[in-house]
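# Structural overview for review
Now for the letters of each chain:
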Amino acid sequence: MDELLLAWFQKNGRDLPWRRTRDPYRILVSEVMLQQTQVDRVVARYEGWLARWPTVDALASASPADVIRAWQGLGYNRRGLNLHRAAQQIVRNGWPRDLTELPGVGAYTAAAVSNFALGQSVLPVDTNVQRIQERTGHDFSFAAAQALMDLGAAVCVGRIPRCAVCPLAEACPSRGRRYEPLRKQSPFAGSFRQRRADTLRLVAAAERPVVELDADAVESLARDGLVTIEAGVAALPAS
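Quick notes on the rules
- All residue numbers here refer to positions counted from 1 along the written sequence of the relevant chain.
- The predicted origin of the model limits local features to residues at a pLDDT of at least 70 and limits the giving and counting of side-chain atom pairs to 80 or more, whereas totals for whole chains, interfaces and linings rest on all residues.
- Neither water nor hydrogens contribute to the side-chain values; these are computed over all heavy atoms in the structure.
- The cut-offs for exposure are 20% and 50% of the maximum accessible area for each residue type, with area from a 1.4 Å probe on protein chains only; residues under the lower value are buried, those over the upper are exposed, and the others partly exposed.
- Here a strand is any run of E in DSSP of at least two residues, a helix any run of H or I of at least four, and the numbering for each starts at the N terminus.
- In this context, the arc is that of the directions from the helix axis out to the C-beta atoms.
- Any two residues having at least one pair of non-hydrogen atoms within 4.5 Å are treated as being in contact.
- Among buried residues, the Ala, Val, Leu, Ile, Met, Phe, Trp, Tyr and Cys ones that are joined through side-chain atoms within 4.5 Å form a nonpolar core.
- Helix axes are fitted to C-alpha atoms over the stretch in contact, other axes to C-alpha atoms as well, and angles between N-to-C directions run from 0 to 180 degrees.
- Two helices crossing with the near one rotated counterclockwise from the far one by less than a right angle form a left-handed crossing, whereas a clockwise rotation gives a right-handed crossing.
- Under the convention adopted here, Pro, Cys and the residues Ala, Val, Leu, Ile, Met, Phe, Trp and Tyr are nonpolar, Asp, Glu, Lys and Arg are charged, and Gly plus all remaining residues are polar.
- In what follows, roughly perpendicular refers to angles from 65 to 115 degrees, roughly parallel to angles under 35, roughly antiparallel to angles over 145, and oblique to any angle outside these ranges.
- Within this document, salt bridges are pairs made up of a side-chain nitrogen of Lys or Arg and a carboxyl oxygen of Asp or Glu, the two lying within 4 Å of each other.

Every buried residue of helix α1 (residues 2-12) is listed here: Asp2, Leu5, Trp8 and Phe9. The buried residues of α1 occupy an angular sector of 130° when the element is viewed end-on, so they sit on one face. Structural note: α1 exposes Glu3, Gln10 and Lys11 on the side pointing more than 90 degrees away from its buried face. Lining the buried residues of α1 we find α9 (145-154).

Looking now at the nonpolar core. Within the largest apolar cluster, 51 residues are counted, with the highest numbers of intra-cluster contacts made by Leu5, Trp49 and Leu151. Per-element accounting of this core gives the leading share, six residues, to helix α2 (residues 24-34). The contact partners of Trp49, leaving out residues within four places of it in the chain, are Tyr25, Val29, Met33, Leu59, Val67, Ala70, Trp71 and Leu83. Counting residues in each nonpolar core, the second largest holds 13 residues, with Ala65, Leu213, Leu226 and Val227 among its members.

Okay, the packing of α2 against helix α7 (residues 107-116) next. At their nearest, the axes of α2 and α7 sit 9 Å apart, and the two run at 145° to each other. α7 is crossed by α2, and the crossing has right-handed handedness. Each of Pro24, Ile27, Leu28 and Glu31 in α2 lies in contact with α7, whose residues at this interface are Tyr108, Thr109, Ala112, Val113 and Phe116. A breakdown of the residues in the contact of α2 with α7 according to their chemical character gives seven nonpolar, one polar and one charged.

So, about the packing of α2 against helix α3 (residues 39-52). Contact geometry for α2 and α3: axes closest at 10 Å, N-to-C directions at 140°. Compared by their axis directions, α2 and α3 come out oblique. Like other packed secondary-structure pairs, α2 and α3 cross with a definite hand, here right-handed. Mapping the contact onto sequence places Tyr25, Arg26, Val29, Ser30, Met33 and Leu34 in α2 and Val39, Val42, Arg45, Tyr46, Trp49 and Leu50 in α3.

Inspection of every chain in the model, using the stated rule, returns 12 salt bridges. Arg201 is the salt-bridge partner of Asp198, the closest N and O atoms lying 2.9 Å from each other. In this pair, Asp198 and Arg201 are both assigned in helix α10 (residues 192-205), three residues apart and thus about one turn of the helix distant. By relative accessible area, Asp198 is classed as partly exposed at 34%. One salt bridge connects Glu219 with Arg223, and the closest N-O pair in it is separated by 3.4 Å. Taken together, the residues Glu219 and Arg223, both in helix α11 (residues 215-223) and four residues apart, mark about one turn of the helix. When its relative accessible area of 46% is taken as the criterion, Glu219 is described as partly exposed. Here the residues in one salt-bridge network are Arg14, Arg19 and Asp150, joined through shared partners.

And the structure:
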């Protein structure tokens, strides 16, 4: 199955900017941005981020406030703050052998950086990879990682897989099956996530008295280190 998949990928793989580099910092930036954010939304933001902070040293020297402002619109703003903290840790101590020691880096992100940047023989298993392995009953090699991600995004999709155009269909025991829709995340509109995002946007524009803001949202943002509160005024962290 690996050979069939890789042959398909050679013709159909997506041309994404983070696939043109082996720089672990750039791969880390892409993987953190791609956590819970669609690829199409990430591409331009990734390129803009690297234009501003092209190296891990450049990001480490930035202020948290600038990082938070630059992350606006990608969602889950704590990811940007953790990426900044990870850069500072790397500059101080170097890249750790265990990448999960970096803030905001879990098992999947560590495996992705290890594979795509460091050339290690580890398969990063995201939702797409897990889905394909479960449906085919096949354990793919680390070399098939990007191919699995693209197949899962375009062909072996969640509910109604496109088996007619799948390169693995003939050998797949799940060919022709349909699946129940997965539980979707609650709508953003009207959610507490939106309240947090709106509040952070206001504070990013200018520091404001807490009494003028959504108190629960400010408290939540402060717990995450995204805002500071001093003398009743909310502001982005200075350091």
